[in-house]
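A structural walkthrough
Residue strings, one per chain:
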Amino acid sequence: KNNKQEKVVQEDNSKNEELNLENTDKKDVIESVEKQVDTKKYQEFMDLGDSSVNKKDYNSAISYYNKALSFGEKDVVYAKIYNAYLANKDIKNATIALNKAITINPSYTLYHIWSLESQSSIVSYDKLVEIYKNGYSKSIKESKINLITTFARMSEDLGKKQEAIELWKDAQIVSPDKKDMYQ
């Protein structure tokens, strides 16, 4: 009798394990399908945003990109929102979007370059130095040279000759193979 009871318990346990496995498999399938649907919707909103930008309908683009954000915050979406706001000459909201992109992907040098460029006519040189130093500390080594040379040119344009010279010297140190270009 004990053996029969043990067999029944073992069979019940194995059925429960099968059911749990079935439920787990179904759950994984459902999650996978939901993720595919979300990816498809995300891409759809991104495409609509890009299409709106091509038509110079920046307000619609911003709306579509914001809808894409509901499927996951990605720096590229914030970068596109930044560009759409910039095209609308809305520097304040452009800066907010760009800062979100930087927060998500701080090592992407181009975001720091955009930040310098968009702020160059509205903040003090000291604030630009702060933006530059922040970007320099976070950018990946291979692209630091782009940030340095951008800020060196900007410094020249803003009449900061000595600061520009120092930046060009930094460029020579960071990229010694192109030393002759940075004089």
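Right, let's walk through the structure included here. (Residues numbered from 1 in each chain as written. Predicted model: local features only at pLDDT ≥ 70, side-chain atom pairs only at ≥ 80, totals over all residues. Heavy atoms only, no water.)

On to the overall build of the protein. The secondary structure content of the protein amounts to eight helices and zero strands. Taken from N to C terminus, the helices and strands of the protein fall in the order α-α-α-α-α-α-α-α. By the burial criterion, 32% of the 183 residues in the protein qualify as buried. (Helix = DSSP H or I, 4+ residues; strand = E, 2+ residues; numbered from the N terminus. Buried < 20%, exposed > 50% of the residue type's maximum accessible area, 1.4 Å probe, protein only.)

With respect to the helices and strands, Asp 38 occurs in helix H1 (residues 2–54). As a C-alpha pair, Asp 38 and Ser 70 span 32 residues in sequence and 9.3 Å in three-dimensional space.

Right, let's talk about the pattern of salt bridges for a bit. The full count for this structure, using the stated rule, is three salt bridges. Of the charged contacts, one joins Lys 80 and Asp 50 as a salt bridge, the two residues approaching to 2.8 Å between their closest N and O atoms. Here the residue Lys 80 occupies a position in helix H3 (residues 75–87), and Asp 50 occupies one in helix H1, the gap between them amounting to 30 residues. Since its relative accessible area comes to 26%, Asp 50 is described here as partly exposed. (Salt bridge = Lys/Arg side-chain N within 4 Å of Asp/Glu carboxyl O.)

Turning our eyes to something else, we now look at the nonpolar core. The biggest cluster of nonpolar side chains holds 23 residues, and the ones touching the most others in it are Val 77, Ile 81 and Tyr 111. For this core, the secondary-structure elements that each account for two or more residues are H1, helix H2 (58–69), H3, helix H4 (91–104) and helix H5 (109–119). In this structure, Val 77 is in contact with Tyr 42, Met 46, Tyr 65, Ala 68 and Leu 69, ignoring residues within four places of it in sequence. In this structure, Ile 113, Ile 131, Leu 167 and Trp 168 belong to the second largest nonpolar core, which totals 16 residues. (Core = buried A, V, L, I, M, F, W, Y, C linked by side-chain atoms within 4.5 Å. Contact = heavy atoms within 4.5 Å.)

Turning our attention to the packing of aromatic side chains. A full pass over the atoms with the stated rule returns seven aromatic pairs. With centroids separated by 5.7 Å and ring planes inclined at 50 degrees, the aromatic side chains of Tyr 111 and Trp 114 adopt a geometry described as tilted. Highlighted residues: Tyr 111 and Trp 114, both in helix H5, separated by three residues, approximately one helical turn. Of the two residues examined, Tyr 111 and Trp 114, each falls in the buried class. Three or more aromatic residues link up through ring pairs in this structure, and these residues are Tyr 82, Tyr 108, Tyr 111 and Trp 114. Its guanidinium or amino end placed over the ring of Tyr 42, Lys 74 lies 4.0 Å from that ring's centre, counting from NZ or CZ. The lysine or arginine in question, Lys 144, covers the ring of Tyr 136, its NZ or CZ lying 4.2 Å from the ring centre. (Phe/Tyr/Trp six-rings, centres within 6.5 Å; stacked < 30°, edge-to-face > 60°. Lys NZ or Arg CZ within 6 Å of the ring centre and 35° of its normal.)

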